[in-house]
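Below are the chains, spelled out letter by letter.
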Protein chains: 8
Amino acid sequence: MNRDELRRLLAGVKDGSLSPDDAFDQLKLLPYDDHGFAKIDHHRAVRKGFGEVVFCQGKTPEQVATILERLSASGSPTLATRADPETFAVVRRSIPDAVYHEQARCIVVGQSKRPEHGPCVLVVTAGTADIPVAEEAAITADVMGSRVDRLYDVGVAGLHRLLDNRGRLLTANVIVAVAGMEGALPSVLGGMAEQPIIAVPTSVGYGASFHGLSALLTMLNTCAPGVAVVNIDNGFGAGYLAAVINQMGLRGHE
Amino acid sequence: MNRDELRRLLAGVKDGSLSPDDAFDQLKLLPYDDHGFAKIDHHRAVRKGFGEVVFCQGKTPEQVATILERLSASGSPTLATRADPETFAVVRRSIPDAVYHEQARCIVVGQSKRPEHGPCVLVVTAGTADIPVAEEAAITADVMGSRVDRLYDVGVAGLHRLLDNRGRLLTANVIVAVAGMEGALPSVLGGMAEQPIIAVPTSVGYGASFHGLSALLTMLNTCAPGVAVVNIDNGFGAGYLAAVINQMGLRGHE
Amino acid sequence: MNRDELRRLLAGVKDGSLSPDDAFDQLKLLPYDDHGFAKIDHHRAVRKGFGEVVFCQGKTPEQVATILERLSASGSPTLATRADPETFAVVRRSIPDAVYHEQARCIVVGQSKRPEHGPCVLVVTAGTADIPVAEEAAITADVMGSRVDRLYDVGVAGLHRLLDNRGRLLTANVIVAVAGMEGALPSVLGGMAEQPIIAVPTSVGYGASFHGLSALLTMLNTCAPGVAVVNIDNGFGAGYLAAVINQMGLRGHE
Amino acid sequence: MNRDELRRLLAGVKDGSLSPDDAFDQLKLLPYDDHGFAKIDHHRAVRKGFGEVVFCQGKTPEQVATILERLSASGSPTLATRADPETFAVVRRSIPDAVYHEQARCIVVGQSKRPEHGPCVLVVTAGTADIPVAEEAAITADVMGSRVDRLYDVGVAGLHRLLDNRGRLLTANVIVAVAGMEGALPSVLGGMAEQPIIAVPTSVGYGASFHGLSALLTMLNTCAPGVAVVNIDNGFGAGYLAAVINQMGLRGHE
Amino acid sequence: MNRDELRRLLAGVKDGSLSPDDAFDQLKLLPYDDHGFAKIDHHRAVRKGFGEVVFCQGKTPEQVATILERLSASGSPTLATRADPETFAVVRRSIPDAVYHEQARCIVVGQSKRPEHGPCVLVVTAGTADIPVAEEAAITADVMGSRVDRLYDVGVAGLHRLLDNRGRLLTANVIVAVAGMEGALPSVLGGMAEQPIIAVPTSVGYGASFHGLSALLTMLNTCAPGVAVVNIDNGFGAGYLAAVINQMGLRGHE
Amino acid sequence: MNRDELRRLLAGVKDGSLSPDDAFDQLKLLPYDDHGFAKIDHHRAVRKGFGEVVFCQGKTPEQVATILERLSASGSPTLATRADPETFAVVRRSIPDAVYHEQARCIVVGQSKRPEHGPCVLVVTAGTADIPVAEEAAITADVMGSRVDRLYDVGVAGLHRLLDNRGRLLTANVIVAVAGMEGALPSVLGGMAEQPIIAVPTSVGYGASFHGLSALLTMLNTCAPGVAVVNIDNGFGAGYLAAVINQMGLRGHE
Amino acid sequence: MNRDELRRLLAGVKDGSLSPDDAFDQLKLLPYDDHGFAKIDHHRAVRKGFGEVVFCQGKTPEQVATILERLSASGSPTLATRADPETFAVVRRSIPDAVYHEQARCIVVGQSKRPEHGPCVLVVTAGTADIPVAEEAAITADVMGSRVDRLYDVGVAGLHRLLDNRGRLLTANVIVAVAGMEGALPSVLGGMAEQPIIAVPTSVGYGASFHGLSALLTMLNTCAPGVAVVNIDNGFGAGYLAAVINQMGLRGHE
Amino acid sequence: MNRDELRRLLAGVKDGSLSPDDAFDQLKLLPYDDHGFAKIDHHRAVRKGFGEVVFCQGKTPEQVATILERLSASGSPTLATRADPETFAVVRRSIPDAVYHEQARCIVVGQSKRPEHGPCVLVVTAGTADIPVAEEAAITADVMGSRVDRLYDVGVAGLHRLLDNRGRLLTANVIVAVAGMEGALPSVLGGMAEQPIIAVPTSVGYGASFHGLSALLTMLNTCAPGVAVVNIDNGFGAGYLAAVINQMGLRGHE
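Cut-offs and rules
- Residues numbered from 1 in each chain as written.
- Chains lettered and ligands numbered in written order.
- Predicted model: local features only at pLDDT ≥ 70, side-chain atom pairs only at ≥ 80, totals over all residues.
- Heavy atoms only, no water.
- Phe/Tyr/Trp six-rings, centres within 6.5 Å; stacked < 30°, edge-to-face > 60°.
- Helix = DSSP H or I, 4+ residues; strand = E, 2+ residues; numbered from the N terminus.
- Buried < 20%, exposed > 50% of the residue type's maximum accessible area, 1.4 Å probe, protein only.
- Lys NZ or Arg CZ within 6 Å of the ring centre and 35° of its normal.
- Contact = heavy atoms within 4.5 Å.
- Buried area = accessible area lost by both parts, 1.4 Å probe.
- Salt bridge = Lys/Arg side-chain N within 4 Å of Asp/Glu carboxyl O.
- Polar contact = N/O pair within 3.5 Å; in protein donor to acceptor, adjacent residues only side chain to side chain.
- Nonpolar A, V, L, I, M, F, W, Y, C, P; charged D, E, K, R; others polar.
- Arc of directions from axis to C-beta.
- Pairing = 2+ DSSP bridges.
- Right-handed = clockwise from strand over helix to strand, strands pointing away.
- Domains from an automatic or database assignment.

Details of the packing of aromatic side chains
Logical step 1: Summed over all chains, the structure comprises 31 aromatic pairs over all chains.
Logical step 2: Ring centres of Phe50(A) and Tyr240(A) lie 6.5 Å apart, and the angle between their planes is 80°; on these two criteria the pair is classed as edge-to-face. Note that Phe50(A) is positioned in the loop between α3 (44-48) and β3 (54-55) and Tyr240(A) in helix α11 (residues 235-253), a separation of 190 residues in sequence. Tyr240(A) matches Phe50(A) in its accessibility class, with the two residues each being buried.
Logical step 3: Taken together through their ring pairs, the aromatic side chains of Phe50(A), Phe236(A) and Tyr240(A) make up a single cluster.
Logical step 4: In this structure, Arg82(B) packs its charged tip against the face of Tyr206(G), placed 4.0 Å from the ring centre.

Quick notes on unusual backbone geometry
Logical step 1: In this structure, Phe210(C) is a non-glycine residue whose phi angle is positive, near 45°.
Logical step 2: Inspection of the secondary structure puts Phe210(C) in the loop between β10 (197-201) and α10 (213-220).
Logical step 3: One non-glycine residue, His211(D), lies in positive phi territory at about 60°.
Logical step 4: Topologically, His211(D) is positioned in the loop between β10 (197-201) and α10 (213-220).

Let's talk about the interface of chain A and chain B
Logical step 1: The interface of chain A with chain B comprises 30 residues on the first partner and 30 residues on the second.
Logical step 2: Between chain A and chain B lies a buried interface of about 2,800 Å² when both sides are counted; carbon and sulfur atoms form 60% of it.
Logical step 3: At the boundary of chain A and chain B, one finds 0 salt bridges.
Logical step 4: Across the contact surface, chain A and chain B share 3 residue pairs in polar contact (both at pLDDT 80 or more).
Logical step 5: Residue assignment for the side of chain A that touches chain B shows that the elements contributing at least two residues are α3, α9 (185-192), α10 (213-220), β11 (227-229) and α11 of chain A.
Logical step 6: Among the elements that make up the side of chain A that touches chain B, the one with the highest residue count is α11(A) (9 residues).
Logical step 7: Considering only residue class, the side of chain A that touches chain B consists of 16 nonpolar, 8 polar and 6 charged.

Concerning helix α5 (residues 85-94) of chain D
Within an α-helix, residues lying three or four positions from one another point in the same direction, as the helix has 3.6 residues per turn.
All names here are of chain D.
Logical step 1: Turning to α5, its buried residues are Thr87, Phe88, Val90 and Val91. An end-on view of α5 places all buried positions within 165° of arc, on one side of the element. For α5, the exposed residues set more than 90 degrees away from the buried face come down to Glu86 and Arg93.
Logical step 2: At its buried positions, α5 is contacted by α4 (61-72), β5 (99-101) and β6 (106-109).

Examining the pairing of strand β10 (residues 197-201) of chain G
Residue and element names in this part refer to chain G.
Logical step 1: The element β10 is largely enclosed, with a buried count of 5 among its 5 residues.
Logical step 2: Side chains Ile197, Ala199 and Pro201 of β10 all project onto a buried face; the interleaved residues Ile198 and Val200 project onto the opposite face, where all are buried too.
Logical step 3: Where strand β9 (residues 172-179) lies against β10, 5 bridges are found, and the strand directions are parallel. Looking at the pairing, Ala177 lines up with Ala199 of β10.
Logical step 4: Each parallel crossover has a hand, and the one from β9 via helix α9 (residues 185-192) to β10 is right-handed.
Logical step 5: For β10 and strand β11 (residues 227-229), the ladder comprises 3 bridges, and the chain directions are parallel. For Ile198, the partnering residue across the bridge sits in β11 and is Ala228.
Logical step 6: Tracing the backbone out of β10, into helix α10 (residues 213-220) and back to the parallel element β11 gives a crossover that is right-handed.

Section: the domain arrangement of chain A
Accessible area lost when the parts come together is the quantity often used to give the size of an interface.
Residues and elements named next belong to chain A.
Logical step 1: Annotation of chain A at the domain level lists domain 1 (34-111) and domain 2 (120-253).
Logical step 2: A straight line from the C-alpha centre of domain 1 to that of domain 2 covers 25 Å.
Logical step 3: Each partner contributes residues to the interface: domain 1 has 12 residues there, and domain 2 has 12 residues.
Logical step 4: For the pair domain 1 and domain 2, the two sides together bury roughly 1,100 Å², of which 68% comes from carbon and sulfur.
Logical step 5: Sorting the residues of domain 1 by area buried against domain 2 places Phe50, Arg82 and Gln103 first, and these three jointly supply 41% of that buried surface.
Logical step 6: Taken together, the connections running from domain 1 to domain 2 amount to 1 salt bridge.

Thoughts on the pairing of strand β7 (residues 120-125) of chain E
All names here are of chain E.
Logical step 1: Burial within β7 is extensive, with 6 of its 6 residues counted as buried.
Logical step 2: Residues Cys120, Leu122 and Val124 point to one face of β7 and Val121, Val123 and Thr125 to the other, with burial holding for every one of them.
Logical step 3: As paired strands, β7 and strand β9 (residues 172-179) are joined by 6 bridges and run parallel to one another. Counterpart to Cys120 in the pairing with β9 is Ala172.
Logical step 4: With 4 bridges connecting them, β7 and strand β8 (residues 148-151) associate as parallel partners. Note on β8: the bridge partner recorded for Val124 is Leu151.

What about the sheet that holds strand β5 (residues 99-101) of chain C?
Strand pairs in the sheet, formed through backbone hydrogen bonds, run parallel or antiparallel to each other.
Residue and element names in this part refer to chain C.
Logical step 1: A sheet is described by the order of its strands in space; here 4 strands give the open sequence β3-β4-β6-β5, paired in mixed fashion. The sheet is open, and its two borders are formed by β3 (54-55) and β5, each paired with just one other strand.
Logical step 2: Sheet topology places β3 next to strand β4 (residues 78-81); 2 bridges connect them, and they run parallel. Note that in β4 the partner of Val54 across the bridge is Ala80.

Next comes the structure, spelled out in structure tokens:
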């Protein structure tokens, strides 16, 4: 149940088109739906503007399928991240129209409307190996209704590739900058662009990258203003926050 | 020189009210002003929407004073962070109307207009000892033209203090959440609020807080969506990004 | 041999129903039983109130089986943790009534009596992926004679799930709080409940969770009083200590 | 206001001896008392069984004095930790009967009743340099109404000092074990005693002690069951939890 | 070529029983034998009293076999550590009397004489899972000519197992103390024994043991004098140093 | 396209032997060639003196093959590092004369000319297990046109092996020093040689080597002047920089 | 004694102008000069091309003065780093023409010849606070006979300041890139310049810069080729290596 | 009371020259002497062969003086480490013949006999700044009755200084190797000498030395056999162990 549905329900009670008892039946699951191993948070779409997102790591495929069935029952678009192909195979049995984005390791159920033109979330990567994390961000923002633009492999060792695409920055409301190794991309972007930048360190690298620690510290210490950071490889977190900010910008754009 | 001034100048050249030579004189400092020890970035207000901010740590009071004089010459409001009282004493000699915010350790020159009502940047702290960092964020957002609301000492060990102020969350476009020690505040806020949350870990604590590392890791690992993180004690970075996001929301609000 | 058995034996010697020689035979193994690769501590039940628990990691299945046979010979309930299915397969050959708890990875031999009602050990998890560690705690407390209540998936990103179950907290003598990622659950519980809280960080997470380090630091830095912490993923340690504290509370409850 | 006072108040309303208006006046401060820089949690004594404890680090002496005045107004014993002599000097001006425990760096206002005999909290240190942290634990447990026994300088390098005092362990309901450097004391105690052990690593040491990290890791990795750990140098946290457990044991003892 | 052989050779040149040319042929390989991928150090037995020991990790089985053939050609006992069964299978083809110690993962070629009685190297472990590292130490000391005594599974959580075997300590010239998890064994031994103690942290444990870091730090921070530490899991290093010290003690014992 | 080709092209335009249109066709790919997943940097050979090198880790074999095809089209020698045999199998299908260096895990396309005599890059290793990283450095310098000399297994535990080869140092323009474990080789070399030393820590070791961290810190803290360090296992980076420095020395040598 | 002097001395012996006895007297100090607390390495200028440099930290002013007197006796220029004003005050008493570079904290005795034009060492900083470390590098290279060019405060947050000075890069043989905080400058330079780049991380920053660790990791993980790294704040090491490389380039330039 | 005194006492009881009651009086303090803040371990000289050594850090000067008075009452030589001049001033008041070694920061009471010739403990440092730690080791071994030889400032960057003093190594029974920064000295010594080497990392250095961590890791990872390590800056621990090993060697030497 999302916020519009909740408002409609309450209006229905007020104008008499819905009996309090029927409203009660619809609302009684509102806080959460207790499955023992999981308490599904149907209320999150009301509080946060988008429903609970399923983090598949550490859950059995059957648990994921059960949770996704309940969450998608309302018809709102639903997302599961960190899903491997085995999980998707089990999910598809009970939700035939679920879609699997392999690079992003995301399962999407249902389709959100998003604009074909206008301001967008721009997802940028430093290298080719950063693309899976970037795709997790892109799919997340897409499911949440944002138009997404992608600009991949423009790392700072070949600055002209980025300077050349400077124009693409102008159409974005918010930028997701994904980089591993030394993670310098958000600093350079932060010196060029006025939009909020969500920096995502990735675990791409070896040796003293310490599984993404190097890029994480780089991004946290950026001397460019307007940058904030999410966890290593957390494409979902960046895409989610970018979509929220983009909605604010779109309302300003209208 | 800010963007409006630049647009006016170019319009003046176009309509003939300004000779190209005079325009050249005004623009020739545009990229930066080279003082040897510092290259003052007069162009940043054009690129980023707000002028260069002076980070005083590691600079002599005289260097800070020189840079602030040049930056504030245009009349735009100017900010210096991490300023100790000695630095301010030197600055005040050449810029008498500079103002020192002691808790925030900020020097402000000039005054920005900001709305007295309407959507704001909400700065929240977990404890009393987090206030200096919070004030750096608040002063920064204020100088950049945002209305700022403060909600201090509402940490998760006494949840009712936060739940009680739930209404304050509704008026914010963006939340800055400042916390040391275990740093759990942004996670709880992230479960309650739909706005973007900029989390600021502080070095408040002792022992295994490792000078803010504990709070930093907590915030990076939050399972609540919609949260991004800046460096430990980086109130400035949070306030800056919050002000940028708030402007986007204000444009939507109008 | 546990404490009651030891007291009975000594009483038997005193009242002449047991000859000193027979008592000696029963007692001679008391300090430990030397198998070369292991010195089985039969005395621990006397000193600590519960017999030695077998930590299977790093031991061969045959070593585990040998130790469990000796420990369970007295008839007291016996526990082995971190046991994989292969180990259990070997153990079952020599101890047919051994029981395997798959999620908890525990082998239990024998059955302790525990109350069906009254004060209990409450095991709480932040997420679904934390359940295996929670089950290790729950099985441990259960084997040691405590009633156990389980409250799973009530993490701080959906606070209403926890607030809604506030009543469950009242029936507990002690709470085991299990959480990975940011590990904020014990801090929130510590602000709500007066009972001792044993916090268990889990290695659930990725990136800057650093295999549980993030949750560990969070819990150590909690600003809520009444919380102590055990090792990452150490469900056994938490369940053991919780059972000891619960017995103290039960004696007060009688 | 503590729990007994609250029960009396409600009983008074029920039996008519207190008017609802007067009850309201007494209760209206219940959630917290907002001073801007601090929201004093008067409700904590109701929720947790002991009032809010003031952590002085990061607060000005004036802030501490203000908070202590409000907290101690009800007459319940009140505690402030990490207080330096300067803070105490300011506090004493407005609260003349405040007492300063120098080694423990604690300010205590008011006096709790505690038994002179019977089960106690036993505070043990490995060395002489660990005593300040141990005293913080001891004063905390004392203020909360527990009898406290002290056994100092019995580290594992001279085991006979500990074995010799084995009898002291028997009278304790709970043990607080304080150690720096290698921090092995709780492991040895955990092999000897059946009571819950709260282990406190201290920052005593040098070099690879890394300001207490060594002792912290030792204690978290103990192979002795029945041990949980608090933050480095967190004598308060250990004393608080020990007092809570001791009360449970005392109720069983009665 | 070892030192006795070198002395005999030089004596032979002096007394004329060996021509300088023949001596030259025998000596010309003395510095090392260059195989491109390895420079085999035939001179080490002269400098250090025991020949080069082959560390197999990172070498192909064929490289190990080649090096062992050359080193063992002189007839002195030869040792290879960290050898897996595949490596041994290849070695045995060219050196049929090579012996494989599976738990210790050591290959030994040739047999050293060692005393059956008298002072020894005592190898002690805290737990059963520490035995493989202990065996690497024991085999190393044995190959180098020391009598070795083993005392396994006497960790500090059951102190009576260690106190009971106190007599075993008296017969040792030097003690190798092997422990994982909290690694407290050397501290307790260091308080009881006057002999040099070589402490070996092992990677046994989980969570905050951080692959042996916890035990390593414990041992480095021991407050018991007479203890030094080698690398995590470095049974070889401890056994080697123990054998060298034991030889010094034996000379004193004669 | 490398610099010589670019100069020839521009000269051709000047002297009329090349039409501007044809020059344009050849230059239009200059900045980069956009494949979506990768922006191939054809311009790097102009800026840096050697073309883009493909880092295979994190790329699919097909992506590597596509990029190598484009980069090698100009006929300049081309290098791909961190290539596994599967990747090479795919590359060979479309580039039949590609060569695979198994120990170095490098794919080379095309052949650079390099001198057979004269000053060289000297690659030195401490042990046998460091050879794969050393080979990555050697192949890189070779492809870039440097003569390479190899001196392997001369670690500091057998100093005579290094002192004996002191003469080899004299013929080098620059030294690449590769070492794992304690990583002391560059310090000793730095005390003996006047040439620049590029130190490469390797992940060879175990326990407290922490995957190369130990060797990295050793090399960064060297008290010998003339040493700089690259990432753990980064043979490529060292070989590249060594080749650049060697070219400078060669120009001096001519 | 430097190399030229040594060659002259040996030539003098050969042609009879110097008696072997006199040569012996001059050479007998060659290896080192033993002062108990220090063994002054007069031979280093022969082996390394520049004399021993005194690292003052941890030495008393008197020790520094004694060492400098001996080193500078030959007339070659001599350098001491990490010297505070107190040390210089003592040094100046015995060496009146010693010069103190305050920002660089260097003492220089004697003057080297260096070219006024032509290729140079270019020292670049990201910020103003990095200048002291940069000056240590610049003074070192200057003393060793290199022309030095300085380009300060051109960090990546204002890229135009760097792009604008692109021409300055062309005149350099080698670049020293000094940066704190996120340390991204060498990556950007490495994408633009073909010269060797010596990257120097500085401890400038706060919070998650962890005293320069962040910048260090960034630089080690750079994806730009041609970059090597020295210790945090090690301006001396960078300047030394840059001077050595510059000499190689100058010989090529002649 | 040391071991000889204890043997004499027991012999006196046996032959009747000492009454059991008098023996009891002398022995009753044997385990320890309880001062509340410290339990002075008079028994240690019996168990360990040398009396308790006082670690002054964290103790008040008065506590140190009290403990030293009691320990030195028996006339055996007594040692206190990490003593600052203030502590010594207090100690001297009650123990006038106490001696202060300023560089070593040690207080010594009483004088041990030690040989003037023959095998010794050789203390070696890499640099001048390592001398204070080396002196702590030297004084400790001296107080315990070992002849001590010192060889300072022979670090690996000038190898000839060490090779030149190779002869000094031959007279030692055991070597204490003290080094900061990269800490490579013990590895080089371990390749040259057959004696046991006790390696002491020091906190000398800066930047990535991380207060001695770099040298510590280097030493733990040494590939030279025969080396063990003590805590950073732990000169005492190294000197103590060296003295114990030296005594073993001396007995062999007699």
